[in-house]
2 protein chains.
Amino acid sequence: MKTRIFVTLKGGVLDPQGKAIHHALEGLGFDGVNDVRAGKLIELDLDDGVSDEQIDEMCRKLLANTVIENYRIERVQG
Amino acid sequence: MKTRIFVTLKGGVLDPQGKAIHHALEGLGFDGVNDVRAGKLIELDLDDGVSDEQIDEMCRKLLANTVIENYRIERVQG
């Protein structure tokens, strides 16, 4: 069973990586870019028996720093 | 207009970050984790006038290393 975890910075948290990407895009001549936020996408291949609670615990204990990051769990069908 | 870019390593490309996460999850006692792949999620806030071609070009020129990475563009409605 495939599961995707999206980890993004909470609003208001400074995002130096996003700022650097934004600056680089403008340097390459791309207009119309108002803001860039960089985050993580973690794809887990799990046994079917792994529960939602266990996945949530993986996020809270390791995959996301819940002080400054939000996470979203998405089960991939099929 | 909000757009998400998902950047993931191509199959067969070694993923040391994924391996490290996998190893750490097992060290924390989580069973049933078969594989972990780490990627990037980049959220762009763009003017409505920015075209699909321009976004694709941003990906090819900066956001993804197309030699070892795939990218997927997702326009976020609303």
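Cut-off values and rules
- Residues numbered from 1 in each chain as written.
- Chains lettered and ligands numbered in written order.
- Predicted model: local features only at pLDDT ≥ 70, side-chain atom pairs only at ≥ 80, totals over all residues.
- Heavy atoms only, no water.
- Salt bridge = Lys/Arg side-chain N within 4 Å of Asp/Glu carboxyl O.
- Helix = DSSP H or I, 4+ residues; strand = E, 2+ residues; numbered from the N terminus.
- Buried < 20%, exposed > 50% of the residue type's maximum accessible area, 1.4 Å probe, protein only.
- Pairing = 2+ DSSP bridges.
- Axes fitted to C-alpha atoms, helices over the stretch in contact; angles between N-to-C directions.
- Contact = heavy atoms within 4.5 Å.

Engineer: I tried to follow the pattern of salt bridges on my own but got confused; where do I start?
Structural biologist: A pair can form between side chains of opposite charge whenever their charged atoms are brought close. Taken as a whole, this structure holds 14 salt bridges over all chains when the rule is applied. The shortest N-O distance in the salt bridge between E43 of chain A and R4 of chain A comes to 3.4 Å. Residue E43 of chain A is located in strand β2 (residues 33–46), and its partner R4 of chain A is located in strand β1 (residues 2–9); the two are separated by 39 residues in the primary sequence. Note on R4 of chain A: relative accessible area 17%, which makes it buried. Of the charged contacts, one joins E57 of chain B and K61 of chain B as a salt bridge, the two residues approaching to 2.8 Å between their closest N and O atoms. Residue E57 of chain B and its partner K61 of chain B are both found in helix α2 (residues 52–63); the two are separated by four residues, about one turn of the helix.

Engineer: Hey, could you run me through the sheet that holds strand β3 (residues 69–76) of chain A in this one?
Structural biologist: Strand pairing in a sheet is mediated by backbone hydrogen bonds. Such pairs are either parallel or antiparallel. Read from one edge of the open sheet, six strands run β3(A)-β1(A)-β2(A)-β2(B)-β1(B)-β3(B), paired in antiparallel fashion. Of all strands in the sheet, those bounded by a partner on one side alone are β3 of chain A together with β3 (69–76) of chain B. With strand direction ignored, the average angle separating the axes of adjacent strands in the sheet is 25 degrees. Sheet analysis places β1 of chain A next to β3 of chain A, joined by eight bridges and oriented antiparallel. Bridge pairing in β3 of chain A places K2 of chain A opposite V76 of chain A. Strands β2 of chain A together with β2 (33–46) of chain B of the sheet are contacted by helix α1 (residues 16–27) of chain A, whose axis makes an angle of about 125 degrees with β2 of chain A.

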